[in-house]
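Spelled out from the first residue to the last, the chains are:
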Amino acid sequence: MTFEEFVEARLQALLRYAVMLTGDPHTAQDLVQETMIRAQLKWWRIAAADMPERYVKRMITNAYVDLHRGSWLRRVALRGVEVDTGVPEPDHADGHAERDQMWLWLGRLPRQQRAALVLRYYEGLTDGEIAEVMRCPVGTVRSWISRALATLRTSVAPTVTADGGAKP
């Protein structure tokens, strides 16, 4: 497979993956563009790999984790990514509010934890495959996912008010 054939076949999927990692379509486009430039320069090595797409996703994941930790990224409103859950939403505004809230919660996670969650729940990879993509031990992957889910649970769980009622 040539580089051009790979890009034609997989670019949109790689962009969707990057959007899930970054939460911002513009940052995702920049990330994929930079990665594809690097991939083209060493395509001979990538094409020789068993799974070139996984190799490129690893490059995107590493580039995402290595992004400069400038404060501007934390202030970006994470919006605009549609994820089809197959469940009809009763109110359009409620759906947007819930999605925006989830993006905010995901945006607060450390990069490795967020990347591990995206690889597990969006890409459907196993712990071993995630460890391969992120170049870390399987135990570290499990720890990142466990910590990320624990953080999300505490963010999502309603707090109990003094009068016994629940406050979201």
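Residues numbered from 1 in each chain as written. Predicted model: local features only at pLDDT ≥ 70, side-chain atom pairs only at ≥ 80, totals over all residues. Heavy atoms only, no water.

**Here we look at the packing of aromatic side chains**
Taken as a whole, this structure holds two aromatic pairs when the rule is applied. Their ring planes at 70 degrees and their centres at 5.5 Å tell us that Phe 3 and Trp 43 sit as a pair that is edge-to-face. With Phe 3 in helix α1 (residues 3–22) and Trp 43 in helix α3 (residues 43–48), this pair connects stretches of sequence that are 40 residues apart. We classify Phe 3 as buried; its relative accessible area is 12%. A centroid spacing of 5.1 Å and a plane angle of 40 degrees characterise the contact between Phe 6 and Trp 43, whose relative ring orientation is tilted. (Phe/Tyr/Trp six-rings, centres within 6.5 Å; stacked < 30°, edge-to-face > 60°. Helix = DSSP H or I, 4+ residues; strand = E, 2+ residues; numbered from the N terminus. Buried < 20%, exposed > 50% of the residue type's maximum accessible area, 1.4 Å probe, protein only.)

**Digging into unusual backbone geometry**
Notably, Arg 135 is not glycine yet its phi reads approximately 55 degrees, a positive angle. Along the chain, Arg 135 turns up in the loop between α8 (127–134) and α9 (138–156). With relative accessibility at 58%, the residue Arg 135 sits in the exposed group.

**Quick notes on the nonpolar core**
In this structure, Ile 60 and Met 134 are the most contacted members of the largest nonpolar core, which totals 43 residues. Those elements that provide at least two residues to this core are α1, α2 (25–41), α3, α4 (52–65), α6 (92–107), α7 (111–122), α8 and α9. It is α1 that contributes the most residues to this core, nine residues altogether. (Core = buried A, V, L, I, M, F, W, Y, C linked by side-chain atoms within 4.5 Å.)

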